[in-house]
Amino acid sequence: MPVMCIDSNIALKNCYWTGITMHALHSNPPLRVDKSFEMPSIPLVLTKILQVLDDDTASAHKLEDLILHDPALAARILKLSNSAFYSFRTEVKTLSHAIALLGLGLVKSLTIGVTIFDSFIKGQKDEADLIHKLWMHSFGAGMMAQEIWTRRAHSKKELEFAFLCGLLHDLGKAVFFKRFPLHYSILFIKEKTAADPDICVLESESFGVDHAYIGSMLAKQWGFPSDLVAIIREHHSALDSKSPLVRVVALADAIAKEQQIGFDGDSRICLDVEKLQAQLGMEPEEYERMKATAEKKRLEIDRFFNVSS
Ligand SMILES: [Fe+2]
Ligand SMILES: [Fe+2]
């Protein structure tokens, strides 16, 4: 499969479709995001999940009901609940048990993530592997955002929200894969071979906007909370943001890249990580601890997602 060339680090010149795709890049006109651009429509179940409030028993039953309407989704949520990420002593056999152990907000976030990435992966062939790697990266960034935020958040709800923000920070990349699958896969290759790699620059050159912009537009259109919309929009300009959670997500993103959890098309960390740490009041020891945690998570994520994909 052509896209494997990226992941297995086989020299690009040996990749049989590189010649064709590079030719396509140079010969095809750019695919602009203009007024006629059609955003992907929101999966029906997601509309309903977003209406579930975060904190009462009735909401927990409602979420459980919604998930149970889709047996494949229910199975995936249970599988995640039983994974090494959470290491519960007892087997989680029901969704209500999962909600009791993980918390309503976290199960809701997991369901949102699974639903979105499943819907974007549907119908994709060669690109499916890249989207799968993006999902792994997003999951890792979500987990790391939660880890970094643990010492800074004031409530469990804030922690659950940090996970969701990390999980969806690159939503715009999934949009590009959905609308321009071949062209966007080529950009991932081009980024790797560019002298000064920066996926945001390549996106802007090709589509007129980058993934932070298009992701925030989709999140707004789909009715996500405004804080989440802002984080998606600002995660590459976090140093200028007033929101500490944006910086947390940007740092989680950087750590996920550095530890090679999945792949998000960025082979270089463009933000000044030391400045981010300073803004968050993070000592070097804590940063080292976070990197060690990410390394552990990478092994768990690799194992889990490569078995259950
Ligand atoms: Fe990004
Ligand atoms: Fe990312």
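My aim in this report is to walk through the structure given alongside it, one point at a time. Quick caveat: nothing in here was measured; it's all calculated off a predicted structure.

### Concerning the coordination of the iron ion (ligand 2)
Taken together, His137 (NE2), His169 (NE2), Asp170 (OD), Asp253 (OD) and Asp264 (OD) make up the protein donors of the iron ion (ligand 2), found 2.1 to 2.3 Å from the metal. Mapping the donors of the iron ion (ligand 2) onto the primary sequence gives the spacing H-x31-H-D-x82-D-x10-D.

### Side note on the side chain of Gln277
Within the secondary structure, Gln277 sits in helix α16 (residues 273–280). According to the relative accessible area criterion, Gln277 is buried, its value standing at 9%. Not counting residues up to four positions away in its chain, the partners in contact with Gln277 are Leu251, Met282 and Tyr287.

### Focus: the coordination of the iron ion (ligand 1)
The reference angle at a metal is 109.5 degrees if four donors form a tetrahedron and 90 or 180 degrees if six donors form an octahedron. Coordination sphere of the iron ion (ligand 1), protein contribution only: Asp170 (OD), His211 (NE2), His235 (NE2) and His236 (NE2), at 2.1 to 2.2 Å. Read from N- to C-terminus, the donor residues coordinating the iron ion (ligand 1) fall into the pattern D-x40-H-x23-H-H. In this structure, the iron ion (ligand 1) lies 4.0 Å away from the iron ion (ligand 2), the two metals sharing Asp170 as a donor. Of the two residues, His211 is situated in helix α13 (residues 211–221) and His236 in the loop between α14 (226–234) and α15 (244–258); the sequence distance between them amounts to 25 residues.

### Some points on helix α4 (residues 57–68)
Its twelve residues place the ends of α4 17 Å apart at the C-alpha level, agreeing with the 16 Å of an ideal helix rising 1.5 Å per residue. Those residues of α4 that are buried are in contact with α3 (44–51), α5 (71–81), α6 (95–102) and α7 (104–121).

Cut-off values and rules
Residues numbered from 1 in each chain as written. Chains lettered and ligands numbered in written order. Predicted model: local features only at pLDDT ≥ 70, side-chain atom pairs only at ≥ 80, totals over all residues. Heavy atoms only, no water. Donors = N, O, S within 2.8 Å, 3.2 Å for Na, K, Ca; no water. Helix = DSSP H or I, 4+ residues; strand = E, 2+ residues; numbered from the N terminus. Buried < 20%, exposed > 50% of the residue type's maximum accessible area, 1.4 Å probe, protein only. Contact = heavy atoms within 4.5 Å. Expected span 1.5 Å × (residues − 1).

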